[in-house]
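Commentary on secondary and tertiary structure
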Amino acid sequence: MPQPTAAAGKSHQVGALQWHSESGAEFNTLADDAVQLKSNGAASAYQLVSEDVDASDYAVAEINISGQLAQGNVGFGVLDVAAQIWIGQFELSAGPINERLIVDLPDGTQRIALVFYNDGEGRHFDLQMAPPQLLLRSKPQDGMPANDMTTQGWGLGYSASGIVVAVGEGVDGFEIGDRVACGGAGQANHAEYIAVRQNLVVKIPGNVPLEVGAMTTVGSIAMQGVRRAAPQIGEVFLVQGLGLIGMLTCQILKAAGAHVIGFDLDPARVEKALGFGAVSATTDEAELKGFIDGATSGHGVDAAVITASGKTNAIINLAMKSTRRKGRVVIVGDVGLAPERADFYKKEIDLLMSSSYGPGRYDPQYENDGADYPYAYVRWTMNRNMASFLDLAHRGLTDPQHAIEKIADFDEAPQAYKDMLVQSVSPPLGLLLRYADVTDTEDADSISLRGARALPKTGINYALVGVGAFGTSMIVPALEKSAGAFNLAAVVSRDAVRGGNYARSMRVEKLASSLDAVLADDALDMVAITTRHNEHADAVVKALKAGKIVYVEKPLAVTWDQLDAVKAATEALDVPRLMIGFNRRFAPAMEILAEKLSKRSAPLVMTYRMNAGFIDPTHWIQTAEGGGRNIGEACHIYDVFRFLAGAPVVEINASAAADGSGKYLSNDNFVATLKYADGSVATLLYTAMGPKTVAKERLEVFSSGDLFCLDDYCRLSELRETKVLWDGKVDKGHAIQMQRFADALRDAVDLPIQLDDIFEVSATALQVEDMLRGQI
């Protein structure tokens, strides 16, 4: 990266700083100390550079920029002049600019410069602005500017304990104030507040301390490994790998009446194992053989439990050599899985895998939906393993707290992690992170991120509710293309890590974990709902009642009761402003087709083939969360039919393909036929059986001696005259839809999709679903 120099171009004193133009950019001083900068169009080239500023005694740079960008995009950055690296970069988009940019200055920064530059495409820009202001500050204190936008969140942890502060609807057996242990990656994370599903929570019994409760998930991993080994009183066990899980395994095996021998490469851990239930332990394989021979009269251990970690196959082969004929080897740790055949085959050893906490793990119906397994048939589920681990501690048969060798306050966590990586002695078996007591939960559902982008004074401020891939990659970009009509002002997500990272990437100030937190904010005009399908209707009802404009992704509802609730909410308002993501009617090819058909004198005959591809029945789209593929995707096609027919539906028939294999659901492969009031008929053939080599979507419309074909929204043909009416990249109308939505809101006219259409299409999908399931 070239270093800017004051001699490179025309120089001006603007405000408190000396600035110079680069690459031939036009730089002029206007009245009232304003300036105008016209770029030269060179891709990524410097256009305006400030003088070097001494920043050696500072930690934060605050830059205020206000003005008007007539066209194009402007890159703006803070440059470490000596190191020749960017320490903060931003993009300023066309329209009014009123930005306060906060940049953290890395330790060792000496001199910085402010730089305006062209974007990577080298588009010309015309920027008029007041003199940019640079304020340098020392370490941020309370009330002083700081920047949260450069941090990255990670979902650390999966084993925790705490006090119940709230109980969700439909959850039984827990009350506020209960001491509980929690498990599950993505749920029992390291945080002051966590929301955990019922089957991943157990009460902590008696006087078992919270510290032991925090180990419960780790303990249940050890417990499941022991259960897979099925120990009997008096059996001899080898435990390979004496980390935290290995030590807990030793304790549980001792409680089960087993004779335990430990093995690890770390002498310190070997010594500790003798205090965790191991009768003997060693780092030496020859000595290990001696211990095993002495305890088993040379037969070998009854079972080996591998709790070590390492990609080498030597670990599993040592277990095979150490185990008797007809013995068991149980794999808990992440090790190489290529045992040598000789011992495995000759001894006829049973090789078993232990899956995490136990039955129910990785089953979304168990973990997320709360569906338990019958006690009589699955005695030890992951939840019951967690409870059993705590019960052993409660009865004094194990002492898990002995494994906690270090306790750190959460603020000390970074240093604690660093110490475990760099210290020469063995790291602690268990490191407990401790949070300060938090009693004020009033504002726990929303926070303000510092260093956020200043919102424009014009346009509609909206909250994105749900940060899934579709919302972040399709809906937000489509809203941003609508000429500054919409401003992303808040992000709502139950996943604080995913939602927080997205909010920071978009430089959004408000991050919330509940919809209520944004509905109460008068500064927010609209919500864009892109959550799981079963949550759409409730969110729409709440937002409408709060007086917000609502954009909701399809489907509107997944049940009749949900649809009725939304309809009642709209009827209670004088001017309900509800827009839904039926984007295909706005596709350029679809609008051309509608114009061609507007002059027809006869009904339409429409056929739509949706080669949708296979989705596993366990995927969320196929469950109650998604409502199935007919409700979740085919609703798009029912809207296309309604749009082209221009008349209400009067008759619906649907049949599912009969499949006895269990691979497909009833709404994976079906035919739906619809008749409209103008006499038009439409057929949707929806299948998950088609090959990937065939295009996903094809529409054929017969009308008054003509045939129109739309192939995958990239080509529209009129076959009577063998003419291509539209050809281009796949465009399903997302951007056009948002622009029409913005125009309607600006002009205070009817929204692009009438409420009658929205409810009719949604009801059509529900009616088809009932038919496919045999409920009609």
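Structural notes, computed from the coordinates. Keep in mind it's a predicted model, so treat the numbers as computed, not measured. (Residues numbered from 1 in each chain as written. Predicted model: local features only at pLDDT ≥ 70, side-chain atom pairs only at ≥ 80, totals over all residues. Heavy atoms only, no water.)

**Points about the overall build of the protein chain**
Within the protein chain, the regular secondary structure consists of 19 helices and 39 strands. Each principal axis of the C-alpha distribution contributes one length, and for the protein chain these read about 95 × 75 × 50 Å. Sorting the 776 residues of the protein chain into buried and exposed places 49% on the buried side. By sequence separation, contacts in the protein chain at least 24 residues apart represent 67% of the contacts at least 6 residues apart. Taken as a whole, the protein chain presents about 35,700 Å² of accessible surface, with 51% of it coming from carbon and sulfur. Separation between the mean location of the 69 positive side-chain charges and that of the 96 negative ones in the protein chain comes to 6 Å. (Helix = DSSP H or I, 4+ residues; strand = E, 2+ residues; numbered from the N terminus. Buried < 20%, exposed > 50% of the residue type's maximum accessible area, 1.4 Å probe, protein only. Contact = heavy atoms within 4.5 Å. Areas by Shrake-Rupley, 256 points an atom, 1.4 Å probe, with all protein chains shown as cover. Lys, Arg positive; Asp, Glu negative; His and termini not counted. Charge placed at Lys NZ, Arg CZ, Asp CG, Glu CD.)

**Details of the layout of surface pockets**
By volume, the second largest pocket is sized at about 1,200 Å³. Surrounding the second largest pocket, 38 residues form its lining, Glu91, Ser93, Glu99, Arg453 and Glu480 being those nearest its centre. Sorting the residues of the lining of the second largest pocket by element identifies strand S9 (85-92), strand S10 (95-104), strand S27 (486-492) and helix H12 (496-505) as the ones contributing at least two each. (1 Å grid on protein atoms, 1.4 Å probe; cavity = no way out; pocket = protein on both sides within 12 Å on 5 of 7 lines; lining within 4 Å. Points joined across faces, edges and corners; volume = space filled by probe spheres on them.)

**So, empty space enclosed by the protein**
Within this structure, the stated rule accounts for one cavity of 30 Å³ or more. Space inside the largest cavity adds up to approximately 40 Å³. Pro555, Leu556, Ala557, Phe582, Ile631, Cys635, Ser762 and Ala765 together form the lining of the largest cavity. Among the elements of the structure, helix H17 (629-645) and helix H19 (755-772) are those that each provide at least two residues to the lining of the largest cavity. Here the residues of the lining of the largest cavity are counted per class, giving seven nonpolar, one polar and no charged. (Nonpolar A, V, L, I, M, F, W, Y, C, P; charged D, E, K, R; others polar.)

**Thoughts on the sheet that holds strand S16 (residues 201-203)**
In spatial order, the strands read S14-S15-S16; together these three strands make up an open sheet with antiparallel pairing. Looking along the sheet, the strands with just one partner apiece sit at the ends: strand S14 (159-163) and S16. Shown here is a sheet whose adjacent strand axes are inclined to one another by a mean of 25°, direction ignored. Where S14 and strand S15 (residues 179-183) come together, five bridges link them in antiparallel fashion. Looking at the pairing, Ile163 lines up with Arg179 of S15. In the packing of helix H9 (residues 382-394) onto the sheet, the strands contacted are S15 and S16, and the crossing angle to S16 comes to about 30°. (Pairing = 2+ DSSP bridges. Axes fitted to C-alpha atoms, helices over the stretch in contact; angles between N-to-C directions.)

**Points about the pattern of salt bridges**
In this structure the tally under the stated criterion is 43 salt bridges. The closest approach of N and O atoms between Asp302 and Arg324, which form a salt bridge, is 2.7 Å. Within this pair, whereas Asp302 is found in strand S20 (residues 301-306), its partner Arg324 is found in strand S21 (residues 323-331), the two being separated by 22 residues in sequence. Judged by its relative accessible area of 14%, Asp302 falls in the buried class. Of the residues examined, Arg324 reaches a relative accessible area of 22% and is grouped as partly exposed. A salt bridge links Arg629 to Asp668, with the shortest nitrogen-to-oxygen separation between them at 3.8 Å. Note that Arg629 is positioned in helix H17 and Asp668 in the loop between strand S33 (649-656) and strand S34 (670-676), a separation of 39 residues in sequence. Assigned by exposure class, Arg629 and Asp668 land together as buried. Through salt bridges with shared partners, a single ionic network connects Arg585, Asp639, Arg642, Asp757 and Glu760. (Salt bridge = Lys/Arg side-chain N within 4 Å of Asp/Glu carboxyl O.)

**Considerations on the packing of aromatic side chains**
On inspection of all chains with the given rule, the structure shows 13 aromatic pairs. Taking 5.2 Å as the distance between ring centres and 10° as the angle between the ring planes, the aromatic pair formed by Phe670 and Tyr686 counts as stacked. Taken together, the residues span a long stretch of sequence, with Phe670 in strand S34 and Tyr686 in strand S35 (residues 681-687) at a distance of 16 residues. In this structure Tyr686 comes out as buried when scored by relative accessible area, which is 1%. Among the aromatic residues, those joined into a ring-pair cluster are Tyr462, Phe486, Tyr551 and Phe741. (Phe/Tyr/Trp six-rings, centres within 6.5 Å; stacked < 30°, edge-to-face > 60°.)

**Observations regarding the environment of Val550**
Here Val550 shows up in strand S30 (residues 549-552). The spacing of Val550 and Gly157 is 393 residues in sequence and 36 Å in space, taken between C-alpha atoms. Setting aside anything within four residues of it in sequence, one finds Val550 in contact with Met526, Val527, Ile529, Val540, Ala543, Leu544, Arg577, Leu578, Met579 and Phe741.

**Some thoughts on unusual backbone geometry**
With an omega of -5°, the peptide bond running from Lys554 to Pro555 counts as cis. Turning to its location among the elements, Pro555 is positioned in the loop between S30 and helix H15 (560-571). Its identity as a non-glycine residue notwithstanding, Ser297 has a phi of 55°, on the positive side. Examined against the element boundaries, Ser297 turns out to sit in the loop between helix H5 (285-296) and S20.

**Here we look at the packing of helix H2 (residues 216-229) against helix H3 (residues 244-255)**
One way to put it is that H2 packs onto H3 with a least axis distance of 9 Å and a crossing angle of 55°. With respect to their mutual orientation, H2 and H3 come out oblique. When the axes of H2 and H3 are compared, the crossing they make is right-handed. Contacts from Val218, Gly219, Ile221, Ala222, Met223 and Val226 of H2 reach H3 at Leu244, Ile245, Leu248, Thr249, Ile252 and Leu253. In the contact of H2 with H3, the residues fall into ten nonpolar, two polar and no charged. (Parallel < 35°, antiparallel > 145°, perpendicular 65-115°, else oblique. Left-handed = near helix turned anticlockwise from the far one by under 90°.)

**Section: a nonpolar patch on the surface**
On the surface, Trp154, Leu156 and Tyr417 cluster together into a nonpolar patch covering about 360 Å² of accessible area. Relative to the assigned elements, Tyr417 resides in helix H10 (residues 413-422). On the basis of relative accessible area, Tyr417 is assigned to the partly exposed category, the value being 33%. (Patch = residues over 30% accessible without salt bridge, like charges linked within 9 Å, V, L, I, M, F, W, Y side chains within 5 Å.)

**A look at helix H14 (residues 536-545)**
Extensive coverage of H14 is indicated by the burial of seven of its ten residues. Where H14 is buried, its residues meet helix H13 (515-519), strand S29 (526-529), S30, H15 and strand S31 (578-580). Gly547 sits one or two residues past H14 and shows a positive phi near 85°.

**A closer look at the sheet that holds strand S22 (residues 350-353)**
Pairing is parallel across the open sheet formed by six strands, whose spatial order is S19-S18-S17-S20-S21-S22. The open sheet has two edge strands, strand S19 (280-282) and S22, and neither has a second partner. In this sheet, adjacent strand axes meet at a mean angle of 20° when their direction is disregarded. Where S21 and S22 come together, four bridges link them in parallel fashion. By the bridge assignment, Ile331 is partnered in S22 with Met353. Where H2 meets the sheet, its contacts fall on strand S17 (236-240), S20, S21 and S22, and the angle it forms with S21 comes to roughly 155°. Relative to S17, H3 is tilted by about 170°, and along the sheet it contacts S17, strand S18 (259-263) and S20.

**Some remarks on the side chain of Asn669**
Within the secondary structure, Asn669 is located in the loop between S33 and S34. On the basis of relative accessible area, Asn669 is assigned to the buried category, the value being 5%. In this structure the side chain of Asn669 is engaged in a polar contact, spanning 2.8 Å, whose partner is the backbone nitrogen of Ala688. With sequence-adjacent residues up to four places away left out, Asn669 is seen in contact with Ala656, Ala657, Tyr664, Tyr686, Thr687, Ala688 and Met689. (Polar contact = N/O pair within 3.5 Å; in protein donor to acceptor, adjacent residues only side chain to side chain.)

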